[in-house]
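Residue-level listing of the chains:
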Amino acid sequence: MTGDPSQAPGQAKLVLLKAAGRRIFLDKMPCPRGGLRGCALKNLLKILPGPQPVYVRYGVTSLLVLLMFGLRLGMHERTGLYAFILYIPAVVASALLFDRGTGYFAVLLSAALIATTLIWAPDRTEYHISALVSFALIAGGLAFISEGLRRALERAEAAGEEP
């Protein structure tokens, strides 16, 4: 690991993390066979917030999506016509941080914001709709998978297993 003689092999060092105003001590968390990857996943679960009030979940999700929208507006035409890829981190982060519902909300809000930037000429409408539906299906699937990852990490932690 770091070559610290006071640290036993296979053990993580004492780490203090500050996330969302909480202090989290990760003291002597066992690492899996020869790697830090399992430790990183276990530490990720410790950083993720617990159950939050509805207004916090949806407020933070809205801020994430609006931040991506601002980035899209700032980049102008360099992002392409739709710029769907910019919204994926907000969708995944909201589903991972909170739950699937906030992930789906991020998908709907992203699609609505994208739709406001499009020119809805009669000859382009079906292309826009098909692109937005494709984005909603793919981003919704990512939200579902991200929330499933969080639940799997929580179940593994509760069972005392290594993720």
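Brief notes about the packing of helix 2 (residues 54–75) against helix 4 (residues 100–117)
Here's step 1: Interaxial distance between helix 2 and helix 4 falls to 10 Å at its minimum, and their mutual angle equals 30 degrees. In terms of orientation, helix 2 and helix 4 fall into the roughly parallel class. In this structure, helix 2 crosses over helix 4, and the sense of that crossing is right-handed. Residue-level inspection shows Arg-57, Tyr-58, Thr-61, Ser-62, Val-65, Leu-66, Phe-69, Arg-72 and Leu-73 of helix 2 in contact with helix 4, the latter providing Gly-101, Thr-102, Phe-105, Ala-106, Leu-109, Ser-110, Leu-113, Thr-116 and Thr-117.
Here's step 2: The residue makeup of the contact of helix 2 with helix 4, split by class, is 9 nonpolar, 7 polar and 2 charged.

Structural notes on the confidence of the model for the chain
Here's step 1: With 67% of its residues at a pLDDT of 70 or more, the chain shows a mean pLDDT of 77.
Here's step 2: Segment residues 1–29: pLDDT under 50, and 49 contacts once partners within four positions in sequence are set aside and those in other chains are kept.

A few points about the pattern of salt bridges
Here's step 1: Enumeration according to the criterion identifies 3 salt bridges in this entry.
Here's step 2: When the shortest N-O distance is used, the salt bridge between Asp-99 and Arg-57 registers 4.0 Å. Of this pair, Asp-99 sits in the loop between helix 3 (88–97) and helix 4 while Arg-57 sits in helix 2; the two residues are 42 residues apart in sequence, bridging distant segments of the chain.
Here's step 3: The class of Arg-57 is buried, set by a relative accessible area of 18%.
Here's step 4: Ionic pairing is found between Glu-147 and Arg-100, a salt bridge with its closest N-O pair at 3.7 Å.

Conventions adopted
Residues numbered from 1 in each chain as written. Predicted model: local features only at pLDDT ≥ 70, side-chain atom pairs only at ≥ 80, totals over all residues. Heavy atoms only, no water. Axes fitted to C-alpha atoms, helices over the stretch in contact; angles between N-to-C directions. Helix = DSSP H or I, 4+ residues; strand = E, 2+ residues; numbered from the N terminus. Parallel < 35°, antiparallel > 145°, perpendicular 65-115°, else oblique. Left-handed = near helix turned anticlockwise from the far one by under 90°. Contact = heavy atoms within 4.5 Å. Nonpolar A, V, L, I, M, F, W, Y, C, P; charged D, E, K, R; others polar. pLDDT = per-residue confidence, 0-100. Salt bridge = Lys/Arg side-chain N within 4 Å of Asp/Glu carboxyl O. Buried < 20%, exposed > 50% of the residue type's maximum accessible area, 1.4 Å probe, protein only.

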